[in-house]
Amino acid sequence: MAHPIVLIPGDGIGPEVADATRRVLDATGVAIDWRVHDAGGDVVARYGDPLPKETLDAVSEAKVALKGPIATPIGHGFRSVNVGLRKALDLYANYRPVQSMHGLPGRYENVDLIVVRENTEGLYSGLEHVVVPGVVEGLRVVTERGSERIVRFAFETAKARGRKKVTAVHKANILKLSDGLFLEVARRVARDYPEIEFDEAIVDATAMRLVLDPSQFDVLVMENLFGDIISDLTAGLVGGLGLTPSANIGERAALFEAVHGTAPDIAGQNKANPTALIFAAVLMLRHLGEDEAADRVMTATAGLINSGEARTADLGGSHGTREFADAIIQTLA
Ligand code: NAI
């Protein structure tokens, strides 16, 4: 039976990279029932909301979505589409593998990390209010349940992928109650996985240690804001956001996307690199149990980039978005 997948092309370069990725996936022969739905800045005029209910319902039904980048209109009172999707579908785990690709301008050649970020709590709970004019409070929410499920997700990921170590990244020396709770739960969950090493690291020191020597780490797990920052830092270790995919996973649905934004400076010019969304699609294929197709797409795409045979302009090549996808499809044939 065909896998039902909601495709949200998104804004800016989104439709171009989404089209390239869809064509590459179709070339694998995996049967996919594509259901295209809209979200983002461009749909406000039609639906009055950047995250239409139809789109949310479609993802709930299909349980899997592939999403291009989205620009949430700022200053009109709209919630962020990305945060809205994560909260509405309870996509509590953000999963980002970060690996060096040889021959690309990464800082290191030996990076092989997984960053697991809690996606629904922390300072991104959306609980902000004006106390008196000129004073705003934002609440950082940490719960035992939220901490337990994200740390367990990190250990289960480590187990499934043959990883050796999980590091809980925190700031419990200052945030004694909130990160104190996260750390206490992490230590407790770690006892259920004696075969996997567990350690703890303070977030600011982690940032420095990652830049100095990323090989010290394996799987890192942390709350929302720390994860947002550390996962972009790790993307910078391997050549930037253009190559980095991410998965947002919950019990009821999973949503796969590139880490980069809508790149308005190059939108509509056939210049965007679709690799990050293609790698997100590789994560999606694995999630669907289509490992053989995932391996083929990964090998074909990485092979073309590493050999220099086909690269988009951001990586010093001359292929357009469409031509780069064509080259992958030819390699898959
Ligand atoms: P951006 O990632 O869109 O662009 C930063 C720079 O990287 C630009 O020079 C752009 O041309 C380049 N770039 C990004 N992706 C590329 C690709 N695939 N191929 C080649 N070059 C690429 O970040 P920016 O400018 O901060 O954000 C633009 C918009 O995107 C904002 O509205 C932001 O809110 C939104 N955004 C959406 C995200 C999502 O939907 N997950 C994530 C990040 C930003």
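Computed from a predicted structure; not experimentally measured. (Residues numbered from 1 in each chain as written. Predicted model: local features only at pLDDT ≥ 70, side-chain atom pairs only at ≥ 80, totals over all residues. Heavy atoms only, no water.)

**Description of the overall build of the protein**
Stage number 1. Scanning the protein from terminus to terminus reveals 11 helices and 12 strands.
Stage number 2. Its C-alpha atoms give the protein a radius of gyration of 20 Å, within 12% of the compact-globule value 20 Å for 333 residues.
Stage number 3. For the protein, the spread of C-alpha atoms along the three principal axes comes to 55 × 45 × 40 Å.
Stage number 4. Split into buried and exposed, the 333 residues of the protein put 52% on the buried side.
Stage number 5. In the protein, the proportion of contacts linking residues at least 24 apart, taken out of those at least 6 apart, comes to 73%.
Stage number 6. Accessible surface, the protein: about 14500 Å² in total, of which carbon and sulfur atoms supply 53%. (Helix = DSSP H or I, 4+ residues; strand = E, 2+ residues; numbered from the N terminus. Rg over C-alpha atoms; globule rule 2.2 N^0.38 Å. Buried < 20%, exposed > 50% of the residue type's maximum accessible area, 1.4 Å probe, protein only. Contact = heavy atoms within 4.5 Å. Areas by Shrake-Rupley, 256 points an atom, 1.4 Å probe, with all protein chains shown as cover.)

**Description of the packing of helix α9 (residues 275-287) against helix α10 (residues 291-307)**
Stage number 1. For the pair α9 and α10, interaxial distance at closest approach is 8 Å and the crossing angle is 160 degrees. Taken together, α9 and α10 sit at an angle that is classed as roughly antiparallel. Between α9 and α10 lies a crossing of left-handed hand. Between α9, through T275, I278, F279, V282, L285 and R286, and α10, the contact on the second element is made entirely by D291, A293, A294, D295, V297, M298, T301 and I305.
Stage number 2. Class assignment of the residues belonging to the contact of α9 with α10 gives a composition of nine nonpolar, two polar and three charged. (Axes fitted to C-alpha atoms, helices over the stretch in contact; angles between N-to-C directions. Parallel < 35°, antiparallel > 145°, perpendicular 65-115°, else oblique. Left-handed = near helix turned anticlockwise from the far one by under 90°. Nonpolar A, V, L, I, M, F, W, Y, C, P; charged D, E, K, R; others polar.)

**Overview of the site of the ligand**
Stage number 1. Taken together, 18 residues lie near the ligand, and I70, G261, A263, D265 and N273 sit nearest.
Stage number 2. Between the ligand and the protein, one listed contact pairs an oxygen atom with a backbone N or O atom of G261 at 2.7 Å.
Stage number 3. Contact with the protein chains removes 61% of the 820 Å² of surface that the ligand exposes when unbound.
Stage number 4. Its residues assigned to classes, the shell around the ligand comprises nine nonpolar, five polar and four charged. (Near = heavy atom within 4 Å. Polar contact = N/O pair within 3.5 Å; in protein donor to acceptor, adjacent residues only side chain to side chain.)

**Comments concerning unusual backbone geometry**
Stage number 1. In this structure, A263 takes a positive phi of about 40 degrees despite not being glycine.
Stage number 2. Structurally, A263 is set in the loop between β12 (254-258) and α9.
Stage number 3. Overall, A263 belongs to the partly exposed group, its relative accessible area being 22%.

**Re the packing of aromatic side chains**
Stage number 1. Taken as a whole, this structure holds three aromatic pairs when the rule is applied.
Stage number 2. Judged by centre distance (6.3 Å) and plane angle (80 degrees), the rings of Y92 and F153 are edge-to-face. In this pair, Y92 is assigned in the loop between α4 (81-88) and β4 (93-99) and F153 in helix α5 (residues 144-160), connecting sequence segments 61 residues apart. Assigned by exposure class, Y92 and F153 land together as buried.
Stage number 3. Judged by centre distance (6.2 Å) and plane angle (40 degrees), the rings of F155 and F198 are tilted. Residue F155 is located in helix α5, and its partner F198 is located in strand β9 (residues 197-202); the two are separated by 43 residues in the primary sequence. (Phe/Tyr/Trp six-rings, centres within 6.5 Å; stacked < 30°, edge-to-face > 60°.)

**Here we look at a nonpolar patch on the surface**
Stage number 1. On the surface, V131, V132 and V135 cluster together to form a nonpolar patch covering roughly 220 Å² of accessible area.
Stage number 2. By secondary structure assignment, the location of V135 is in strand β7 (residues 135-138).
Stage number 3. Owing to a relative accessible area of 39%, V135 belongs among the partly exposed residues under this scheme. (Patch = residues over 30% accessible without salt bridge, like charges linked within 9 Å, V, L, I, M, F, W, Y side chains within 5 Å. Salt bridge = Lys/Arg side-chain N within 4 Å of Asp/Glu carboxyl O.)

**Topic: α10**
Stage number 1. With 17 residues, α10 should reach 24 Å at 1.5 Å per residue; the first-to-last C-alpha distance of 24 Å fits that figure.
Stage number 2. Of all the positions in α10, only A293, A294, V297, A300, T301, A302, L304 and I305 are classed as buried.
Stage number 3. In the stretch just after α10, G308 is the one whose phi turns positive, near 80 degrees. (Expected span 1.5 Å × (residues − 1).)

**Points about the nonpolar core**
Nonpolar side chains tend toward joint burial in soluble globular proteins.
Stage number 1. If you look at the biggest cluster of nonpolar residues, it comprises 70 residues, and the most contacted ones within it are L66, V116, I150, F155, V166, F256 and I328.
Stage number 2. When neighbours within four sequence positions are excluded, I150 is seen to be in contact with Y92, A93, V116, R117, E118, F182 and V221.
Stage number 3. Counting 16 residues, the second largest nonpolar core, distinct from the first, contains A39, L51, L85 and L91. (Core = buried A, V, L, I, M, F, W, Y, C linked by side-chain atoms within 4.5 Å.)

**Regarding the pairing of strand β1 (residues 3-8)**
Stage number 1. Among the six residues in β1, five count as buried, and that is most of the element.
Stage number 2. Summarising the sheet, β1 and strand β2 (residues 32-36) pair through five bridges and their orientation is parallel. Of the residues in β2, the one forming a bridge with L7 is V36.
Stage number 3. For the crossover that starts at β1, traverses helix α1 (residues 14-27) and ends in the parallel β2, the hand is right-handed.
Stage number 4. Of the pairings in the sheet, the one linking β1 to strand β3 (residues 64-67) comprises three bridges and is parallel in character. Paired with V6 across the bridge in β3 is A65. (Pairing = 2+ DSSP bridges. Right-handed = clockwise from strand over helix to strand, strands pointing away.)

**Let's talk about the domain arrangement of the protein**
Stage number 1. For the protein, the assigned domains are domain 1 (1-103 + 239-333) and domain 2 (107-111 + 121-222 + 233-237).
Stage number 2. If you look at the interface, domain 1 gives 16 residues, while domain 2 gives 16 residues.
Stage number 3. Across the interface of domain 1 and domain 2, roughly 1300 Å² is buried in total on both sides, 52% from carbon and sulfur atoms.
Stage number 4. Linking domain 1 with domain 2 are one salt bridge, by the criterion used here.
Stage number 5. Those elements that provide at least two residues to the side of domain 1 that touches domain 2 are α4 and β4.
Stage number 6. The element best represented in the side of domain 1 that touches domain 2 is β4, accounting for four residues.
Stage number 7. Here the residues of the side of domain 1 that touches domain 2 sort into seven nonpolar, seven polar and two charged. (Domains from an automatic or database assignment. Buried area = accessible area lost by both parts, 1.4 Å probe.)

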